[in-house]
Amino acid sequence: VQLQASGGGLVQGGGSLRLSCTHSGRTFSRYGMGWFRQAPGKEREFVAFISWSGATTDYADAVKGRFTISRDNAKNTVYLQMNSLKPEDTAVYYCAVDRFAYRPIATMKDQYDYWGQGTLVTVSS
C-alpha cells in the first residue's frame, strides 16, 4: 500500500489550501481514510475522517466548520479542503488508511496501518 500526499505550502492566515492523497495497493473504496497533523514538538493528532462510502465524516473540534474531507473512489483519492486557515494549523499533514474495511468511524492513530509521507502546511500571521 502506498499513499502520496500533496498540496501543502505557505499561505497567509485566512487563506485556503486543498490537500490531496492518492492511494494504491488496496481496494480504496472499502476503507475509511483519515487526515492527521503533527506540529513541531507536539503529538500527531486527528484532523478528519471519511468513511469508505463517504457517507460519514468526522472532524476534530479545532477544524470543524473550516475543513472539509471528501473522497473520489474512482480516482483513489481523498481530499482535505482547508479554509480560514490559522497560524495554529501549521503542521505536517498526513493521510492514512484504516486498518479494517468498512469500519464506520476511526479517529485514533492506531486504527490506521498505512501512512503517507506528509505534506507541510505553514500558515503565516
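So, here is what we can say about the structure in this document. What you are looking at is a predicted structure, and each value in this text was computed from that prediction instead of being measured.

## Comments concerning the side chain of Arg37
Phase 1 of the analysis: With respect to the helices and strands, the residue Arg37 is situated in strand β4 (residues 31-38).
Phase 2 of the analysis: Using a relative accessible area of 7% as the deciding quantity, one classes Arg37 as buried.
Phase 3 of the analysis: Within the structure, Arg37 has its side chain in polar contact with the side chain of Glu45 (distance 2.7 Å).
Phase 4 of the analysis: Polar contacts involving the side chain of Arg37 include one to the side chain of Asp89, which spans 2.9 Å.
Phase 5 of the analysis: Leave out the neighbours within four places in its chain, and Arg37 touches Glu43, Arg44, Glu45, Val47, Ala62, Val63, Phe67, Glu88, Asp89, Ala91, Val92 and Tyr93.

## So, the packing of aromatic side chains
Phase 1 of the analysis: Counted according to the given criterion, the structure contains five aromatic pairs.
Phase 2 of the analysis: With 4.9 Å between their ring centres and 85° between their planes, Trp52 and Tyr102 make a pair best called edge-to-face. In this pair, Trp52 sits in the loop between β5 (45-50) and β6 (57-59) while Tyr102 sits in the loop between β9 (91-101) and β10 (112-115), placing the two residues 50 residues apart along the sequence.
Phase 3 of the analysis: Taking the relative accessible area as the measure of exposure, Trp52 reaches 34% and is therefore partly exposed.
Phase 4 of the analysis: Taking the relative accessible area as the measure of exposure, Tyr102 reaches 46% and is therefore partly exposed.
Phase 5 of the analysis: Relative to Trp115, the ring of Tyr112 has its centre 6.1 Å away and its plane inclined at 55°; by these criteria the two rings are tilted.
Phase 6 of the analysis: For Trp115, a relative accessible area of 27% puts it in the partly exposed group.
Phase 7 of the analysis: Chaining the aromatic ring pairs together yields one cluster made of Phe36, Phe46, Tyr112 and Trp115.

About the criteria used
- Residues numbered from 1 in each chain as written.
- Predicted model: local features only at pLDDT ≥ 70, side-chain atom pairs only at ≥ 80, totals over all residues.
- Heavy atoms only, no water.
- Helix = DSSP H or I, 4+ residues; strand = E, 2+ residues; numbered from the N terminus.
- Buried < 20%, exposed > 50% of the residue type's maximum accessible area, 1.4 Å probe, protein only.
- Polar contact = N/O pair within 3.5 Å; in protein donor to acceptor, adjacent residues only side chain to side chain.
- Contact = heavy atoms within 4.5 Å.
- Phe/Tyr/Trp six-rings, centres within 6.5 Å; stacked < 30°, edge-to-face > 60°.

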